[in-house]
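Tertiary structure, described
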Amino acid sequence: NAGVTQTPKFRVLKTGQSMTLLCAQDMNHEYMYWYRQDPGMGLRLIHYSVGEGTTAKGEVPDGYNVSRLKKQNFLLGLESAAPSQTSVYFCASSYSSAGAYEQYFGPGTRLTVT
Amino acid sequence: AQSVTQPDIHITVSEGASLELRCNYSYGATPYLFWYVQSPGQGLQLLLKYFSGDTLVQGIKGFEAEFKRSQSSFNLRKPSVHWSDAAEYFCAVGSSYKLIFGSGTRLLVRP
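Throughout what follows, the structure given in this document is the object of discussion.

This brings us to the interface of chain A and chain B. With 20 residues of chain A at the interface, the matching set in chain B holds 21 residues. A buried area of about 1600 Å², summed over both sides, lies between chain A and chain B, and 62% of it is on carbon and sulfur atoms. In this assembly, chain A and chain B are joined by one salt bridge. Of the charged contacts in the structure, one is a salt bridge between A:Glu102 and B:Lys49, with a shortest N-O distance of 2.4 Å. On inspection of chain A and its partner chain B, the count reaches three residue pairs in polar contact (both at pLDDT 80 or more). Of all the secondary-structure elements, those providing two or more residues to the side of chain A that touches chain B are strand E4 (31-37) and strand E5 (43-51) of chain A. Residue composition of the side of chain A that touches chain B, grouped by class: 14 nonpolar, five polar and one charged.

Next comes the structure, spelled out in structure tokens:
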């Protein structure tokens, strides 16, 4: 099993450009999450999904959109990138709400917005 | 509101020395507590977790943590640190179906 994979691994964007980050998991997990990691701030939850076709806002959702059209995929979109969105983005998944607290993480996407 | 505090931003220990990383949480009910480790350029890997029962939990790579309700703490320990333990360590509390992370402690290991 590949676990949780993220595409791409690195990306540089200019301010105002758009992009989509793809997260895929092969563990048949119901729950999926997008976090951003910034120095000294730990991981902050952007959006999450409790099942196919559902999404919800996390702690820092502004400037991001998500979609969960298939159970195994969770997409994070930036419609108009800003320098404040320079960060490392992590996707995670978990089996259920009881086990949701044990999350499995992808390797991350390093995004730079100039 | 739920929160997690890791008071030490950096800790440096000598190889072979013991280690304790501090974690304090704020949570209304019995918490679900986790420690994750992140090696440079990698994602997070679960070290151990506490759900209920025995307050001393064992994890991978020789780590253990003790839940102390009276102190709202969940400190991570290892009796003898190896150079490969150099990484960033995150404490987290489970809230509903989300995790709330501390800001992390970076561990440096002196040869």
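There is more to say after this.
We now examine the sheet that holds strand E1 (residues 4-7) of chain A. Residues and elements named next belong to chain A. Ordered in space as E1-E3-E8-E7, the four strands form an open sheet in which the pairing is antiparallel. A strand with exactly one partner marks an edge of an open sheet, and here the two such strands are E1 and strand E7 (65-67). Neighbouring strand axes in the sheet, compared pairwise and without regard to direction, differ in orientation by 20° on average. Alignment of E1 against strand E3 (residues 19-25), held across four bridges, turns out to be antiparallel. Counterpart to Thr7 in the pairing with E3 is Leu22.

A separate point is the state of the cysteines. Throughout the structure, instances matching the rule amount to two disulfides over all chains. Between the sulfur atoms of A:Cys23 and its disulfide partner A:Cys91 the distance amounts to 1.9 Å. Taking the torsion about the sulfur-sulfur bond, which here is approximately -75°, the covalent link between A:Cys23 and A:Cys91 counts as left-handed. Of this pair, A:Cys23 sits in strand E3 while A:Cys91 sits in strand E9 (residues 87-94), and the two are 68 residues apart along the sequence. In terms of burial, A:Cys23 and A:Cys91 fall into one category: buried. Paired by a disulfide, B:Cys23 and B:Cys91 hold their sulfur atoms 2.0 Å apart. On the sign convention where negative means left-handed, the S-S torsion of about -65° between B:Cys23 and B:Cys91 marks this disulfide as left-handed. On the criterion of sequence distance, the pair formed by B:Cys23 in the loop between strand E3 (19-21) and strand E4 (24-26) and B:Cys91 in strand E10 (residues 87-95) is long-range, its members being 68 residues apart.

Conventions used here
- Residues numbered from 1 in each chain as written.
- Chains lettered and ligands numbered in written order.
- Predicted model: local features only at pLDDT ≥ 70, side-chain atom pairs only at ≥ 80, totals over all residues.
- Heavy atoms only, no water.
- Contact = heavy atoms within 4.5 Å.
- Buried area = accessible area lost by both parts, 1.4 Å probe.
- Salt bridge = Lys/Arg side-chain N within 4 Å of Asp/Glu carboxyl O.
- Polar contact = N/O pair within 3.5 Å; in protein donor to acceptor, adjacent residues only side chain to side chain.
- Helix = DSSP H or I, 4+ residues; strand = E, 2+ residues; numbered from the N terminus.
- Nonpolar A, V, L, I, M, F, W, Y, C, P; charged D, E, K, R; others polar.
- Pairing = 2+ DSSP bridges.
- Axes fitted to C-alpha atoms, helices over the stretch in contact; angles between N-to-C directions.
- Disulfide = S-S within 2.5 Å.
- Buried < 20%, exposed > 50% of the residue type's maximum accessible area, 1.4 Å probe, protein only.

Nothing here speaks to function; it is all geometry.
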